[in-house]
Amino acid sequence: MRSVNNNKISTRLTRRILLRDIAARIKTMSDVVNVDTDVFTGIQPFNAAAIAVIVATFLSTQSAYKVGGSMKKMAFLDAKKAIYACILAFAPYIDGVAKGDTVILKLSTLETLEDEIDVPALIAAGGVVANIKAKQGKLPREIITNCDSFGMGTGYIAILSEGELPAGFTVNKLGQISNPGSKKVFINFLKDRKKTFTGLAPCTEYFIYYVLTFGNTVGLISAGVSVVTSA
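Predicted, not measured: the structure shown is a model, and the values here were computed from it.

**Considering the overall build of the chain**
- Within the chain, the regular secondary structure consists of six helices and ten strands.
- Here the chain has a C-alpha radius of gyration of 23 Å; the compact-globule value for 231 residues is 17 Å, and the former is much larger.
- Looking at the chain as a whole, 39% of its 231 residues qualify as buried.
- In the chain, the proportion of contacts linking residues at least 24 apart, taken out of those at least 6 apart, comes to 68%.
- Looking at charge distribution, the chain has the averaged site of its 26 positive side-chain charges lying 9 Å from that of its 18 negative ones.

This is how it looks when you write it as structure tokens:
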């Protein structure tokens, strides 16, 4: 959680509400905001009846898409866009009512700026990824790795070393690598947590490490996880 001088609804976290949760979340918000008009005064972006229609359309098109496949995709995508646009439309309205009052903001049931994790500060303080996983892929001598999410906007540098990393191996704030050893090291700078390494040596022990990034902030190298390639 971070401290903010003028707390508001976090549109960033609102956009990140999971698809499986969005219908229940917007209904919960509607039950509060559209009913408690002593607090949530003025003209609201959508009334309870309009929100109910948007939710019903989203749920019905979602079900139809699961059964009907690509033929029902466009209707579902339109309904998905509409339901997220609806809940996001309440952010400026709630901000205008609350004027920074955290009690009112929390009453709306939507997350606020104070709920956002200060990811760069955590990385700078020594935060590292958790639950690194590494396994043999479908192709021969292919390794697929992954780890737990550290927070929205985080980047993940994966380092695959033939044997453990040598002492003195570093990654600077520009993402540049210094490797004083002679062991082969492979780097994946793609932002996603899931990484794929191919063309590796057969029956060889590799170690996978992760480095967190956020903008110009680059974290520490994590502990390594061992994995052995196929023949």
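**Let's talk about the pattern of salt bridges**
- Evaluated as defined, the whole model comprises five salt bridges.
- One salt bridge in this structure joins Glu116 and Arg12, with 3.9 Å as the shortest N-O distance. Of the two residues, Glu116 is situated in the loop between helix H5 (102-107) and helix H6 (119-124) and Arg12 in helix H1 (residues 11-15); the sequence distance between them amounts to 104 residues.
- Judged by relative accessible area, which is 7%, Glu116 ranks as buried.

**A word on the pairing of strand E9 (residues 217-221)**
- Note that strand E8 (residues 205-214) and E9 share three bridges and pair antiparallel. Each bridged residue has a counterpart across the sheet, and for Phe214 the counterpart in E9 is Thr217.
- Where E8 folds back onto E9 in an antiparallel hairpin, the turn is made up of two residues, including Gly215, whose phi is positive at roughly 65 degrees.

**Remarks on helix H2 (residues 22-33)**
- If you check H2, its first and last C-alpha atoms are 16 Å apart, about what twelve residues at 1.5 Å a residue would give, namely 16 Å.
- Among all positions of H2, only Ile22, Ala23, Ile26, Met29, Ser30, Val32 and Val33 are buried.
- Close packing links the buried residues of H2 with helix H3 (48-68), helix H4 (73-98) and H5.

**Here we look at the nonpolar core**
- Residues Ile26, Met29, Phe40, Ile83, Ile87, Phe90 and Ile94 are the most contacted members of the largest nonpolar core, which totals 29 residues.
- Looking at this core, the elements with two or more residues in it are H2, H3, H4 and H5.
- Among residues more than four places away in sequence, those in contact with Ile94 are Ile9, Val33, Phe40, Leu105, Ser108 and Leu110.
- Ranked by size, the runner-up nonpolar core spans 17 residues in total, among them Ile132, Tyr156, Leu200 and Val227.

**Some details on the packing of H2 against H3**
- With their axes 10 Å apart at the nearest point, H2 and H3 run at an angle of 170 degrees to one another. By the angle between their axes, H2 is roughly antiparallel relative to H3. Residues Ile22, Ala23, Ile26, Met29 and Ser30 of H2 form the contact with H3, whose participating residues are Ala48, Ile51, Val55, Phe58 and Leu59.
- Split by residue class, the contact of H2 with H3 holds nine nonpolar, one polar and no charged.

Criteria and thresholds
Residues numbered from 1 in each chain as written. Predicted model: local features only at pLDDT ≥ 70, side-chain atom pairs only at ≥ 80, totals over all residues. Heavy atoms only, no water. Helix = DSSP H or I, 4+ residues; strand = E, 2+ residues; numbered from the N terminus. Rg over C-alpha atoms; globule rule 2.2 N^0.38 Å. Buried < 20%, exposed > 50% of the residue type's maximum accessible area, 1.4 Å probe, protein only. Contact = heavy atoms within 4.5 Å. Lys, Arg positive; Asp, Glu negative; His and termini not counted. Charge placed at Lys NZ, Arg CZ, Asp CG, Glu CD. Salt bridge = Lys/Arg side-chain N within 4 Å of Asp/Glu carboxyl O. Pairing = 2+ DSSP bridges. Expected span 1.5 Å × (residues − 1). Core = buried A, V, L, I, M, F, W, Y, C linked by side-chain atoms within 4.5 Å. Axes fitted to C-alpha atoms, helices over the stretch in contact; angles between N-to-C directions. Parallel < 35°, antiparallel > 145°, perpendicular 65-115°, else oblique. Nonpolar A, V, L, I, M, F, W, Y, C, P; charged D, E, K, R; others polar.

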